Amino acid sequence: VWSFTPDIPLAVGAHSLAASVTTAANGESDLTDSYNFDIKVLSSGTENFDASWSFPTNSTTSSKTLLSGLSIKQEVKATSGNSGFTSGGSFQVGNKAVMLFEFPGLVQHIVFELGHYNGVGGRVEYLDKNGDIASSRTFTTYDGTSTIVLIAPEGIYYSGFRIVAGQEPAGD
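Counting from 1, residues in each chain are numbered in the order their sequence is written. Selection of residues for local features in this predicted model requires a pLDDT of at least 70, selection of side-chain atom pairs for listing and counting requires 80 or more, and totals for whole chains, interfaces and linings are taken over all residues. Just so you know, side-chain values use all the structure's heavy atoms and leave hydrogens and water out.

**Here's the deal with the overall build of the protein**
Stated precisely, the cut-off is as follows: A helix here means a DSSP run of H or I that spans at least four residues, while a strand means a run of E at least two residues long, and both kinds are numbered starting from the N terminus. Classification of residues uses two cut-offs on accessible area relative to the type maximum, computed with a 1.4 Å probe and protein chains only: under 20% is buried, over 50% is exposed, and between them is partly exposed. Contacts are residue-level and defined by heavy atoms, with any inter-residue pair within 4.5 Å sufficient. For every accessible area listed, the method is Shrake-Rupley and the probe measures 1.4 Å; residues are considered covered only by the protein chains on display.
In terms of helices and strands, the protein carries 0 helices and 13 strands. Counted from the first residue to the last, the protein has its helices and strands arranged as β-β-β-β-β-β-β-β-β-β-β-β-β. Looking at the protein as a whole, 32% of its 172 residues are labelled buried. When contacts within the protein are restricted to residue pairs at least 6 apart in sequence, those whose partners lie at least 24 apart make up 56%. Of the roughly 10,500 Å² that the protein leaves accessible, carbon and sulfur atoms contribute 50%.

**Overview of the side chain of Q108**
Where we set the bar: Polar contacts, as used here, are pairs of N or O atoms within 3.5 Å; protein pairs need one atom able to donate a hydrogen and one able to accept it. Residues neighboring in sequence count only if both atoms are side-chain atoms.
Residue placement: Q108 occurs in the loop between β8 (98-107) and β9 (109-117). Judged by its relative accessible area of 16%, Q108 falls in the buried class. From its side chain, Q108 meets the backbone oxygen of I156 in a polar contact 3.4 Å long. Beyond its immediate stretch of four places on either side in the chain, Q108 contacts L150, I151, A152, P153, E154, G155, I156 and Y157.

**So, the side chain of S159**
Among the secondary structure elements, S159 is positioned in strand β13 (residues 158-164). Classification of S159 as buried rests on a relative accessible area of 16%. With residues near it in sequence (within four places) discarded, S159 still touches F101, E102, F103, L106, L127, D128, K129 and G131.

**A few points about the sheet that holds strand β10 (residues 123-128)**
Rules: Here, strands pair whenever DSSP counts at least two bridges between them. Throughout, an axis means a line fitted to C-alpha atoms (over the contacting stretch in the case of helices), and angles, computed between N-to-C directions, take values from 0 to 180 degrees.
The 6 strands are arranged β4-β5-β8-β13-β10-β11 in an open sheet whose pairing can be described as antiparallel. Strands at the two margins of the open sheet, each flanked by one partner only, are β4 (63-65) and β11 (133-138). On average, each strand axis in the sheet is tilted by 20 degrees relative to the strand beside it, whichever way the strands run. Note that β10 and β11 share 5 bridges and pair antiparallel.

Note that every value here comes from positions in space, so none of it alone points to a role or purpose.
Following this line, the structure appears as structure tokens:
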């Protein structure tokens, strides 16, 4: 039995490890077969929202990083209504706003309470480890609430999700 501890932490990503033995007489064994492995950073956390705040309605570049490391960015400002947290702790998304939620590491499970969103045709986009859209789900009601839930298959990780609010119905 032997062990090895690297001098510096290994970076996230693919690695390979092989070993050989050096004898007291300075003889060296053949190199072992490689052992391949990946270092992944998984993120988890919860937030306790006890105060309300919203993104400025005149800015498309506003962002906020929460205590858990979750970063929320307003990519497209709402045409009406505000996007942000209510005093009850739920997140609301204004009409036609686009909100990006990025985790501090990769995750396999996402559960998020969306307290209010506007518009049929709005959707949530789940982002793969490269930030590209891996899958999406369309919201089917206007002015509703929803719990966003995603449990990824084994070996699949997500870096975040995006909420794209739909257009409010004509005449409302």
